[in-house]
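So you can see what is in the structure, the chains are spelled out below.
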Amino acid sequence: MSATLAVLLLYVILITAVGLAIGRRVSGTSDFFVAGRALGPVLLFATLLAANIGAGSTVGAAGLGYENGLAAWWWVGSAGIGTLILALWLGPRMWRVARDHSLSTVGDYLEHRYGPSVRAAIAMLLWLGTLAILAGQLIAMAWILEVVAGAPRWLGAVVGGVVMTVYFVAGGLLSSAWVNLVQLVVLMVGFLIAVPLAVEGAGGLSAVLDSARTVPGHLDFMRNGDSGWMYMILLAPAFIVSPGILQKIFGARDVRTVRLGVSACGVALMLFAILPPMLGMVAHAVAPGLEDPETALPVILTEGVPAWVGLLGLAAVLSAEISSADAILFMLSTSLSKDLYKRFVKPEATDAQVLGVARGAAVAGGLAGVVLAVVIPSVVGALTIFYSLLSVSLFVPVVAGLHSRRPGAGEALAAAAGGVAVLLVTRSAGFGGWLPPTAWGLLAAAAAFGIVFAARRVTGRIG
């Protein structure tokens, strides 16, 4: 076993131990789901930022930077813009609704606003999409272990799956928030040290830029290849209505915490967005012939910087993937235990029984994510599936439901069904035109919502 691998494994054991220790303080579903609604601005900021900087924001963004250059900023930058919009617009309103009606999940909100049919439909849809994003985090962890230790992809996925499942099952959001704080410190220190030293190792910024100029479009900021401003359509809506993000907001202690913590997260994401693409561009300058662009980040951290810096950087990347993975388990476990089991299977279930199902769902989700990680080929591919489904199924019902009491379950179900159907058709047919498939899905969701709303009003007048 190499020294690098040994240190990474020790780090993994450390954060698992922290999660288990905090988990001993969890006494019921209130602690597990919303941390007792006691998160302050610092903990909310830390758990949101750590959850949002994951496989796509590190391994995926560096791979896009390797292929497309500066335009890769929009992959994480768009998420930051969406998060900032959430802080200033939707987040405080959702928190007030959750507090006033004792809501713990987005499913609780959907039922409160539209009824049980919408809750069940969205929960099942998101289970499918959420497993894809979980697989994306595990794929990134597998890349790290493959580059560092030559471990097969399946082994890296299994190791990552076991770690994030163990500490999340112990304490839910309460464990995650404190573990995320540790992970965030490692992540930020690692990247802030690794990027300038990697650039220096490649001959300086001028050498990296000279290398980029030899590749058409690598210095184009707005769009190049698959990267650019169009990520705003895919990612910004998803980060405004993501159940994992909104449920963390439900754990805030007041509206001021929501505004401060979420705003700081959005700004931090926009600033962080340049670091992984820059490492990808450095990797292109020093190793232009990589077979898979998504290995660019682990390659540059093992070969392009001093050993101790590479180790810190790899620990930072590992922190990012694990912290995002536990946020996904959060969505999976709360969705199954609260939105399906408690609501439809056993309404009389005790608090202890719901908590047991939540933990069992996290284990099942972790296992399913490992299986998918072996099958799905790339990090960005896995995340695109999730973000697309999330945007077209949730954005219109959540936003419309907060601003008007008049639409009902029919409108919400039509929006979700119409959005998903058009998304699947445009993706499978390769049709997009001047807009990506997610945009067509969002337009279809809004149109379906509006059509059903108008038809119901006309029918009501006639009746």
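So, how was this worked out
Residues numbered from 1 in each chain as written. Predicted model: local features only at pLDDT ≥ 70, side-chain atom pairs only at ≥ 80, totals over all residues. Heavy atoms only, no water. Helix = DSSP H or I, 4+ residues; strand = E, 2+ residues; numbered from the N terminus. Contact = heavy atoms within 4.5 Å. pLDDT = per-residue confidence, 0-100. Axes fitted to C-alpha atoms, helices over the stretch in contact; angles between N-to-C directions. Parallel < 35°, antiparallel > 145°, perpendicular 65-115°, else oblique. Left-handed = near helix turned anticlockwise from the far one by under 90°. Nonpolar A, V, L, I, M, F, W, Y, C, P; charged D, E, K, R; others polar.

Moving on: the environment of Cys-265. Mapped onto the elements, Cys-265 comes out in helix H12 (residues 255–272). Sequence separation of Cys-265 and Asn-52 is 213 residues, and the distance between their C-alpha atoms is 8.8 Å. Ignoring any residue separated from it by four or fewer positions in sequence, one finds Cys-265 in contact with Phe-45, Leu-48, Leu-49, Asn-52 and Thr-83.

Once that is clear, we can look at the confidence of the model for the protein chain. With 88% of its residues at a pLDDT of 70 or more, the protein chain shows a mean pLDDT of 84. Across the protein chain, the secondary-structure element scoring lowest on mean pLDDT is helix H2 (residues 29–34), at 60, and the one scoring highest is H12, at 96.

To continue, consider the packing of helix H13 (residues 275–286) against helix H14 (residues 296–303). Between H13 and H14, the shortest axis-to-axis distance is 9 Å and the interhelical angle comes to 70°. Taken together, the axis directions place H13 and H14 in an arrangement best described as roughly perpendicular. Considering the relative orientation of H13 and H14, their crossing is left-handed. Taken together, the residues of H14 that come into contact with H13 (itself represented by Leu-279, Val-282, Ala-283 and Val-286) are Ala-296, Leu-297 and Ile-300. Along the lines of polarity and charge, the residues of the contact of H13 with H14 split into seven nonpolar, no polar and no charged.

The next thing to look at is the packing of helix H9 (residues 205–213) against H13. Relative placement of two packed helices is described by the angle separating their axes and the distance separating the axes. In contact at an axis separation of 9 Å, H9 and H13 are set at 75° when each is read in the N-to-C sense. In terms of their interaxial angle, H9 and H13 are classed as roughly perpendicular. Taking contact as the criterion, the partners of Leu-205, Val-208, Ser-211 and Ala-212 in H9 are, on H13, Met-278, Met-281, Val-282, His-284 and Ala-285. Split into classes, the residues belonging to the contact of H9 with H13 amount to seven nonpolar, two polar and no charged.

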